[in-house]
Amino acid sequence: MSSQDNNSTFDPEDPSLTRFDLVREGARRDGVEIVHYEPRFPVPGTKAEKRVERNIALWFLATGVGALVFVVAYIWWPWEYHAGSGRDKFYTPILGVGLGLALLGLGAAQIIWAKRLLPSEISVQDRHNEVDTTEQKLTGVTLLNMNDELGVTRRRPLLKGALAFGMLPLGAAAIVPLGGMIKDPHKGEPLMKTGFDAKEFNKGKPVRLVREDGTPVRPQDVSVGGQITAFPGVDHGTTNVHADSPTLLIHLRDDDAREARKNLANKAVNALTDANDPNSGGMWENFVAYSKICTHLGCPASLYEQQTNRLLCPCHQSQFQITDNAKPIFGPATRRLPMLPITVDEEGFFVAKSDYKVPVGAAFWERP
Amino acid sequence: MKTKKIDLATLPKRSALQIDERFHMATPMRRLFNKVFPDHWSFLLGEIALYSFIVLLLTGTFLSLFFDPSMEEVMYNGVYTPLNGIEMSKAYESTLDISFEVRGGLIMRQMHHWAALLFMAAIVIHMLRVFFTGAFRKPREANWMIGFLLFWLGFMEGLFGYSIPDDGLSGTGLRVINAITQSIPVIGSWAGFALFGGEFPGTVIIPRFYILHVLIFPAIILGLIAAHMGLLVKQKHTQWPGPGRTNENVVGVRMFPGFAMKGGGFFMITFAVIAFMGGVFQINPIWLFGPYQASVISSASQPDWYVMFLDGIARLWPAWEIRVFDHTIPPIFWAAVILPGVIVHLGLLYPFLEARFMKDKAHHHLLQRPRDVPVRTGLGAMAVTFYMVLFLSGGNDVIAQHFDISLNAMTWAGRILLLLAPPAAYWITYRICLGLQQHDREVLAHGIETGIIKRAPDGRFYEVHQPLGPVDEHGHGLLEYEGAAIPKKMNKIGALGPAVKGFFIPRELPPPPPAKKELVDK
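Residues numbered from 1 in each chain as written. Chains lettered and ligands numbered in written order. Predicted model: local features only at pLDDT ≥ 70, side-chain atom pairs only at ≥ 80, totals over all residues. Heavy atoms only, no water.

Undergrad: For this particular structure, what's the right way to read the overall build of chain A?
TA: A tally of regular secondary structure across chain A gives nine helices and 12 strands. The C-alpha radius of gyration of chain A comes to 39 Å, more than 25% above the 21 Å expected for a compact globule of 368 residues. C-alpha extents for chain A along the principal axes are approximately 115 × 80 × 40 Å. Burial analysis of chain A (368 residues in total) assigns 42% to the buried set. Restricting the contact set of chain A to residue pairs at least 6 apart, pairs at least 24 apart contribute 55%. Carbon and sulfur atoms form 59% of the exposed surface of chain A, whose accessible area is close to 20,200 Å². The positive charge centre, built from 41 side chains, and the negative charge centre, built from 43, are 3 Å apart in chain A. (Helix = DSSP H or I, 4+ residues; strand = E, 2+ residues; numbered from the N terminus. Rg over C-alpha atoms; globule rule 2.2 N^0.38 Å. Buried < 20%, exposed > 50% of the residue type's maximum accessible area, 1.4 Å probe, protein only. Contact = heavy atoms within 4.5 Å. Areas by Shrake-Rupley, 256 points an atom, 1.4 Å probe, with all protein chains shown as cover. Lys, Arg positive; Asp, Glu negative; His and termini not counted. Charge placed at Lys NZ, Arg CZ, Asp CG, Glu CD.)

Undergrad: Any chance you could explain the nonpolar core here in plain terms?
TA: Nonpolar side chains in soluble globular proteins generally cluster together in the buried interior. Grouped together as the largest cluster of nonpolar side chains are 120 residues, with contacts concentrated most on A:Leu252, A:Ile322 and B:Phe155. At 15 residues, helix α5 (residues 105–132) of chain B tops the list of elements feeding residues into this core. When near neighbours in sequence (up to four residues on either side) are disregarded, A:Ile322 contacts A:Ile250, A:Leu252, A:Val288, A:Tyr290, A:Tyr304, A:Asn309 and A:Leu311. Within the second largest apolar cluster, 19 residues are counted, among which are A:Ala198, A:Val207, A:Leu340 and A:Ile342. (Core = buried A, V, L, I, M, F, W, Y, C linked by side-chain atoms within 4.5 Å.)

Undergrad: Can you walk me through the confidence of the model for chain B in this structure?
TA: A low pLDDT score tells you not to read the predicted coordinates there in detail. Considering every residue of chain B, the mean pLDDT works out to 91; 96% of them sit at 70 or more. For this predicted complex, the interface confidence comes out at an ipTM of 0.90, alongside a pTM of 0.91. (pLDDT = per-residue confidence, 0-100.)

Undergrad: Where do I start with the sheet that holds strand β1 (residues 36–37) of chain B in this structure?
TA: Either a parallel or an antiparallel arrangement is found when strands of a sheet pair, and the pairing is made through backbone hydrogen bonds. The strand order across the open sheet built from four strands is β1(A)-β2(A)-β4(B)-β1(B), with neighbouring strands paired in antiparallel fashion. Each edge of the open sheet is held by one strand with a lone partner, namely β1 (32–38) of chain A together with β1 of chain B. Sheet topology places strand β2 (residues 120–126) of chain A next to strand β4 (residues 249–254) of chain B; four bridges connect them, and they run antiparallel. Counterpart to A:Gln125 in the pairing with β4(B) is B:Val250. Contacts from helix α10 (residues 255–280) of chain B reach β1 and β4 of chain B within the one sheet, and its direction differs from that of β4(B) by about 75°. (Pairing = 2+ DSSP bridges. Axes fitted to C-alpha atoms, helices over the stretch in contact; angles between N-to-C directions.)

Undergrad: Looking at this structure, how should I read the interface of chain B and chain A?
TA: Where interface size is given, it is often the accessible area lost as the parts come together that is meant. Every contact between the two is made by 100 residues of chain B and, on the other side, 87 residues of chain A. The junction of chain B with chain A conceals about 7,900 Å² of combined surface from both sides, 60% of it contributed by carbon and sulfur atoms. By the criterion of area lost to chain A, the three top residues of chain B are B:Arg103, B:Arg254 and B:Met261, representing 9% of everything that side buries. Summed over the shared surface of chain B and chain A, the result is four salt bridges. (Buried area = accessible area lost by both parts, 1.4 Å probe. Salt bridge = Lys/Arg side-chain N within 4 Å of Asp/Glu carboxyl O.)

Undergrad: Explain the side chain of B:His237 to me, please; I cannot follow it from the model alone.
TA: Secondary-structure assignment places B:His237 in the loop between α9 (205–235) and β4. A relative accessible area of 11% means that B:His237 is categorised as buried. Every residue in contact with B:His237, bar those within four places of it in the chain, is listed here: A:Arg127, B:Lys35, B:Phe37, B:Pro38, B:Phe43, B:Arg140, B:Leu232 and B:Val250.

Undergrad: Please explain empty space enclosed by the protein as it appears in this structure.
TA: In this approach the atoms are scanned with a rolling probe the size of a water molecule, which exposes any empty space left behind. Under the defined criterion, the tally for this structure stands at three cavities of 30 Å³ or more. In this structure, the largest cavity encloses a volume near 190 Å³. Around the largest cavity, the lining is made up of 16 residues, and of these A:Leu191, A:Val360, B:Arg175, B:Asn178 and B:Gln182 lie nearest the centre. Class assignment of the residues belonging to the lining of the largest cavity gives a composition of eight nonpolar, four polar and four charged. (1 Å grid on protein atoms, 1.4 Å probe; cavity = no way out; pocket = protein on both sides within 12 Å on 5 of 7 lines; lining within 4 Å. Points joined across faces, edges and corners; volume = space filled by probe spheres on them. Nonpolar A, V, L, I, M, F, W, Y, C, P; charged D, E, K, R; others polar.)

Undergrad: Looking at this structure, how should I read unusual backbone geometry?
TA: Most peptide bonds take the trans configuration, and most residues that are not glycine carry a negative phi. In the segment running from B:Phe200 into B:Pro201, the intervening peptide bond is cis, with an omega of -5°. As for its position among the elements, B:Pro201 is in the loop between α8 (188–196) and α9. Between B:Phe256 and B:Pro257 the backbone carries a cis peptide bond, its omega angle lying at 5°. With respect to the helices, strands and loops of the structure, B:Pro257 is situated in helix α10. Positioned with a positive phi, A:His128 is a non-glycine residue whose angle comes to about 55°. Within the secondary structure, A:His128 sits in the loop between β2 and α5 (133–144). Assessed through its relative accessible area of 47%, A:His128 is described here as partly exposed. The phi dihedral of A:Gln317 is positive, around 65°, even though this residue is not glycine. Note on placement: A:Gln317 falls in the loop between β8 (310–312) and β9 (319–321).

Undergrad: Is there a simple way to think about the pattern of salt bridges in this case?
TA: Any two side chains of opposite charge can pair, on the condition that their charged atoms come close. All names here are of chain B. Under the definition given, this model contains 27 salt bridges over all chains. Among the ionic pairs, Asp440 bridges to Lys488, the shortest N-O distance being 2.6 Å. Taken together, the residues span a long stretch of sequence, with Asp440 in helix α16 (residues 407–446) and Lys488 in the segment after β8 (461–466) at a distance of 48 residues. A residue is classified by how much of its surface remains accessible, and Asp440, at 0% relative accessible area, is buried. Judged by relative accessible area, Lys488 falls into the partly exposed class, the value being 27%. Here Arg460 and Asp458 are joined by a salt bridge, their closest N and O atoms 4.0 Å apart. Residue classification places Asp458 among the exposed positions, given a relative accessible area of 62%. Via salt bridges that share partners, Arg369, Arg371, Asp372, Asp440 and Lys488 belong to a single interconnected network.

Undergrad: Sorry, what's going on with the packing of aromatic side chains here?
TA: Geometrically, a pair of aromatic rings is defined through the distance of the ring centres and the angle of the planes. This structure, assessed with the given rule, holds 44 aromatic pairs over all chains. Judged by centre distance (5.1 Å) and plane angle (50°), the rings of B:Phe62 and B:Phe66 are tilted. Accessibility expressed as a relative area gives 36% for B:Phe66, which makes it partly exposed. Ring pairs connect the aromatic residues B:Phe151, B:Trp152, B:Phe155, B:Trp305, B:Tyr306, B:Phe309, B:Tyr387 and B:Phe391, which therefore count as one cluster. Directly above the aromatic system of A:Trp77 lies the positively charged group of A:Arg87, at a separation of 5.7 Å from the ring centroid. For the cation-ring pair, B:Lys35 lies above B:Phe37, with the distance from its terminal atom to the ring centre recorded as 4.8 Å. (Phe/Tyr/Trp six-rings, centres within 6.5 Å; stacked < 30°, edge-to-face > 60°. Lys NZ or Arg CZ within 6 Å of the ring centre and 35° of its normal.)

Undergrad: I would appreciate a short explanation of the state of the cysteines in the present structure.
TA: A covalent bond between the sulfur atoms of two cysteines is referred to as a disulfide. All names here are of chain A. Applying the stated criterion to the full structure yields one disulfide over all chains. The residue that forms a disulfide with Cys299 is Cys315, at a sulfur-sulfur distance of 2.2 Å. Torsion about the S-S bond of the Cys299 and Cys315 cystine: about -95°, corresponding to left-handed handedness. Pair noted here: Cys299 is in the loop between β6 (287–291) and β7 (303–305) and Cys315 is in the loop between β8 and β9, with a separation of 16 residues, a long-range link. Taking the relative accessible area as the measure of exposure, Cys315 reaches 5% and is therefore buried. Here Cys294 is not cross-linked by a disulfide; its sulfur's nearest cysteine counterpart is in Cys313, at 3.9 Å. (Disulfide = S-S within 2.5 Å.)

What follows is the structure in structure tokens.
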């Protein structure tokens, strides 16, 4: 390359060189040729140039005004939230408009400056695609191929073995602390239970169905065709501690209840245990209770269509037929919503005869 | 006493000399400043992602000063009276406080959210640009992979951020995440319990997601962005083919001053748009959703847009449960674990798959127009269509409601379209590409239609065509098809003269129109 010669003959102190000569020489040494570099306004001070300058100045002005609006509003505008409409509702929009204007002005000014005032430029840079095989070779033997010096593979096999013996357990030692996160999902089988498990959460006494505020539910509290969300009447039963327990208690109309009772036989765990006792299955009178936790991904299946007795999960649109053991009839859910077997205790409140007989919520590997 | 006056004019020069004496920065700095950037609007898309990420870091830092990622239950007693007396987690309470009781907190939250949405959108559009122009080809496969991983890291990062306020929607999202984790065969429930520290929801998931959201994932993303940019500087930009542009050079402007100034301006404008949106357009009004309660949901529950395709596949996937040896493989495993896994790997390895299929081992620094690679463009259209069907299905309940369509019909339409629309998109795109190519070749051969109709002495009418270059004895253009843009209208080659500049009044006098003689008769 001739750049070596040029470098030696190039004298940066030469007084005849302009600033641009130096710029061009620097670029040349970086493999960049500036082929075109012309001022936008060859004659300085024309009206057109002044117009561009004023334009840029205006945008800088906008920056100042916008930033000022932001700062002043941030400090003095009444920002504290009050219910209803009021000046505080404009606090965030004013900040946004102020900051937006300030930044827009700064951005626009820079871009206009670059596009309209900086000289127009076309530069060509060499990519240097070619690979220097000598360099590759020299680097390869010195850096990557140190076997002569280290001799691990041939002369010192002991070191190879010792290194492997040391490193493999060390690698494992780097990972095992994550084991602190492991929790046994089968310890107490929490996936198979809900808050309606009397033994674990209610000292063996049947768990009542309660409303969100903790009050127990009587049959007459739910109108015909209506439904309420019920929770287990245990400690934290209505909170997310028992996130698998929300239950939909539905009061079916006579016809629907008859059909639902007939269909109980379709699902063994819900079926009547005594053919002469209509309340011996999962239902009590005209009432059914199903888990509200969708068997697809665990959203609350909460949109109940009274006319068709379908329950729809609004997350992924699985639909369940309430009058047939909450069988999935459309959408991605595979399994029925589990039924909570209910009855009424001596004080007239709904209680769960037992916990759900199948795990609630989304499926998992061990689910029977 | 005599004060020594600081000479401000020579201060930069003197300090630069001092710095170079110590660090020898002159040569590498100049090399960086002289890096040439080619100019095309489509090269700005990745920049939007970068600038949005900076805004995310700034606003996120502000939010972290006030956010408390704790799942401890507290009773709300604040200025937002509709929620007074309601039990909620501290995470949700502190998000309410940021929105209502921290001065300027709401705009920061909203800017953070809008910037996240913009970040993901810019990544996707940038990725499409790189894909459809073949910019990912050798030697840039590694940068494609990094960029592709950045999308998925951004996806996870967004999901964490969406989850930690513990509002009604995000808690439902967490429950879905839990269900998806538990769907993995054999280890599912163990993985779910490890992640949530026990049964859903437990008390550790939000602190864990918080540390992932504010430290681990931002650090990885930042590192990968640095690598992305480093490789870009090292390998230099691709460029469109055109006069003087070859596979061996880069034609454009140097980084300093031209590109740096425009880039800085573009950053400010991106920032401005986010600030404006954060101030004026409401996003994620968590106070309307209420705290997370396992029993509460509303219709039209949608995640952020970049997660909607996953919601879509969860809605469309049929209820195909597999039972093996008394164990269960839930259908969601295929939809939300296997399918994204396949997408990730196909996308990650696409540059290598294409090179192998095309037996292409060459270095490529010139971009390809989508029409010139119909198979790739068709595959891309296929992927985009697949994604769009899933995306729309993620909101099919909203579509069903607004257009009064049966929800079940929407689901079935999604299922059918997911199978039929991508191949159709491939075929249509392929034909369009060939058609566009053919039209380019026709213009090269016969010239541009001028719209001037002439009548020959024998009574024949014909349209005058303007050849783009020298012609052979039959009047056919000699220019070869090079894959560069071809002017197809007379004003593209200056026949009509430039447009008059100026908004209200002409800023400069328009040049006189070219004389008619300049048009070469065919």
